[in-house]
Amino acid sequence: MNIDKLTRLPSVDLGNIQNPDRPILPFWKDVNNAMCSEPHSHSRGQLIYSTNGITRVKTENKISLIPTSQALWCPPNIVHELIFPHSVSIANLFIDAEWAECMPTEIKILNITPVVKELILRAVNIGGNYSKEGPDYRLMVVLIDEISRLETSELTLPWSNHRTLKPVMTQLFATPTSTENIEYWASRCCTTTRTLSRLFKSEVNMGFSQWRMQVRLFYALERLSQGESVTSISLDLGYSQSSSFIAAFRKILGKTPMEY
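Enquirer: Can you walk me through the nonpolar core in this structure?
Expert: Residues Leu196, Phe200, Trp211 and Phe245 are the most contacted members of the largest nonpolar core, which totals 35 residues. Looking at this core, the elements that each hand over two or more residues are β6 (62-66), α3 (165-174), α4 (182-188), α5 (193-204), α6 (208-224), α7 (230-236) and α8 (242-253). For this core, the element with the most residues is α6, which contributes 9 residues. Once residues within four sequence positions are removed from consideration, Leu196 is found in contact with Leu165, Val168, Ile182, Trp185, Ala186 and Thr191.

Dropping the structure here:
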């Protein structure tokens, strides 16, 4: 997907309203065509939860994927870009900076529990016009407490802007079904296999094969969200049996693709 050709959406002003008496300012968005946001940041923290479809979030040093079983936490003042490859329904919770102090200080993917999911949907229905003395305010406080306790996920893709590594990563990300080995990519960028391997380790703290597997997980989940079968996806990725791909998926993320 060429991000430069996508329709750009403006950032949401709610993210810059500071008012501790409004711990959460919810915002709902339905995106029906391929779109993305401009790179931006908010003075509030932001929880991004896709109730339908897949959302990508890109920052300077990583790409994160948000399936419907998870949400992304973005701390205040972190520059990020949202990418919606297909139709998406997305709930945003903008959390006041004072209340966000109990949250992680870096971007995290969080595993959403049924309780938190229902609280998020309830918060969206309430909106941002509630009284500090009322039950809706107390619900927002409980929701922040529940979000702060969520377990984190490994579904992130570290990124590097190193002049040698970035072109390789860009091509691998664009062609997740590629089967070329590290020797091939080293020759493409006029370096040695040892140097390229060392760059993956030093820049993204992953080996070549591990990083490429993360790319393939992104690819698989985006296709699954469009209703394609695990069998067809695993065959496209070079697995002779879908069970082998499912086992590799579970080893990294702890769940089967469909459970995820």
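Enquirer: Please clarify how the sheet that holds strand β7 (residues 70-74) should be interpreted in this entry.
Expert: Strand pairs in the sheet, formed through backbone hydrogen bonds, run parallel or antiparallel to each other. Read across the sheet, 5 strands follow the order β2-β9-β4-β7-β10 without closing on themselves; strand pairing throughout is antiparallel. The sheet terminates laterally at β2 (24-31) and β10 (108-111), the two strands that pair on one side only. For this sheet, the mean angle separating the axes of adjacent strands, direction not counted, is 25°. Pairing geometry for β7 and β10, over 4 bridges, is antiparallel. Paired with Gln70 across the bridge in β10 is Asn111.

Enquirer: What is the right way to look at the state of the cysteines in this model?
Expert: Every disulfide links exactly two cysteines, by a covalent bond between their sulfur atoms. Summed over all chains, the structure comprises 0 disulfides. Free of any disulfide, Cys74 has its nearest cysteine sulfur in Cys102, 15 Å distant. For Cys190, which is in no disulfide, the shortest distance to another cysteine sulfur is to Cys189 and amounts to 7.1 Å. Judged by its relative accessible area of 75%, Cys190 is exposed.

Enquirer: Please clarify how the pairing of strand β8 (residues 81-84) should be interpreted in this entry.
Expert: On any regular strand, side chains alternate: one points to one face of the sheet, the next to the other face. Across the two faces of β8 the burial is the same, with Glu81 and Ile83 and Leu82 and Phe84 all buried. As judged from the 3 bridges shared by strand β5 (residues 55-58) and β8, these two strands associate in the antiparallel manner. Bridge assignment links Lys58 to a residue of β8, and that residue is Glu81.

Enquirer: It is not clear to me how the packing of α3 against α6 should be interpreted in this structure. Could you clarify?
Expert: Between two packed helices, the angle of one axis relative to the other and the distance separating the axes together describe the packing. Interaxial distance between α3 and α6 falls to 9 Å at its minimum, and their mutual angle equals 40°. Judged by the sense of rotation from one axis to the other, the crossing of α3 with α6 is right-handed. Mapping the contact onto sequence places Met169, Leu172 and Phe173 in α3 and Phe208, Trp211, Arg212, Val215 and Phe218 in α6. Grouping the amino acids of the contact of α3 with α6 by side-chain chemistry returns 7 nonpolar, no polar and 1 charged.

Enquirer: What exactly am I supposed to notice about the environment of Glu133 here?
Expert: Among the structural elements, Glu133 can be located in the loop between α1 (114-126) and α2 (135-148). When the C-alpha positions of Glu133 and Asp21 are compared, they lie 9.7 Å apart, and in sequence the two are 112 residues distant. Separated by 3.1 Å, the side chains of Glu133 and Ser131 make a polar contact.

Enquirer: Looking at this structure, I do not really get the packing of aromatic side chains. What am I missing?
Expert: The geometry of an aromatic ring pair is captured by the separation of the ring centres together with the interplanar angle, meaning the angle of the planes. Taken as a whole and assessed by the stated rule, the structure comprises 9 aromatic pairs. Residues Tyr184 and Trp185 carry aromatic rings whose centres are separated by 5.1 Å and whose planes lie at 85° to one another, so their mutual orientation is edge-to-face. Relative accessible area serves as the criterion here: at 5%, Trp185 is assigned to the buried category. Here Phe200 and Phe208 contribute two aromatic rings whose centre-to-centre distance is 5.6 Å and whose plane-to-plane angle is 85°, an arrangement assigned as edge-to-face.

Enquirer: What is the right way to read the packing of α6 against α8 from this model?
Expert: At a closest axis distance of 11 Å, the pairing of α6 and α8 adopts a crossing angle of 110°. Considering the angle they form, α6 stands roughly perpendicular to α8. Of the residues in α8, those in contact with Met213, Gln214, Leu217, Ala220 and Leu221 of α6 are Phe245, Ala248, Phe249, Ile252 and Leu253. Looking at side-chain class alone, the contact of α6 with α8 contains 9 nonpolar, 1 polar and no charged residues.

Enquirer: Before we go on, may I ask you to explain the pattern of salt bridges in this structure?
Expert: Where charged atoms of side chains with opposite charge meet at close range, the side chains can pair. Throughout the structure, instances matching the rule amount to 8 salt bridges. Among the ionic pairs, Arg223 bridges to Glu228, the shortest N-O distance being 2.4 Å. The class for Arg223 is buried, based on a relative accessible area of 13%. Its relative accessible area of 33% is what places Glu228 among the partly exposed residues.

Enquirer: Looking at this structure, how should I read the environment of Leu119?
Expert: With respect to the helices, strands and loops of the structure, Leu119 is situated in helix α1. A sequence separation of 21 residues divides Leu119 from Met140, and the C-alpha atoms of the two residues are 8.3 Å apart. Ignoring any residue separated from it by four or fewer positions in sequence, one finds Leu119 in contact with Leu139, Val142, Leu143 and Glu146.

The rules behind these values
- Residues numbered from 1 in each chain as written.
- Predicted model: local features only at pLDDT ≥ 70, side-chain atom pairs only at ≥ 80, totals over all residues.
- Heavy atoms only, no water.
- Core = buried A, V, L, I, M, F, W, Y, C linked by side-chain atoms within 4.5 Å.
- Buried < 20%, exposed > 50% of the residue type's maximum accessible area, 1.4 Å probe, protein only.
- Helix = DSSP H or I, 4+ residues; strand = E, 2+ residues; numbered from the N terminus.
- Contact = heavy atoms within 4.5 Å.
- Pairing = 2+ DSSP bridges.
- Axes fitted to C-alpha atoms, helices over the stretch in contact; angles between N-to-C directions.
- Disulfide = S-S within 2.5 Å.
- Left-handed = near helix turned anticlockwise from the far one by under 90°.
- Nonpolar A, V, L, I, M, F, W, Y, C, P; charged D, E, K, R; others polar.
- Polar contact = N/O pair within 3.5 Å; in protein donor to acceptor, adjacent residues only side chain to side chain.
- Phe/Tyr/Trp six-rings, centres within 6.5 Å; stacked < 30°, edge-to-face > 60°.
- Parallel < 35°, antiparallel > 145°, perpendicular 65-115°, else oblique.
- Salt bridge = Lys/Arg side-chain N within 4 Å of Asp/Glu carboxyl O.

Remember that the coordinates give geometry; whether it matters functionally is a separate question.
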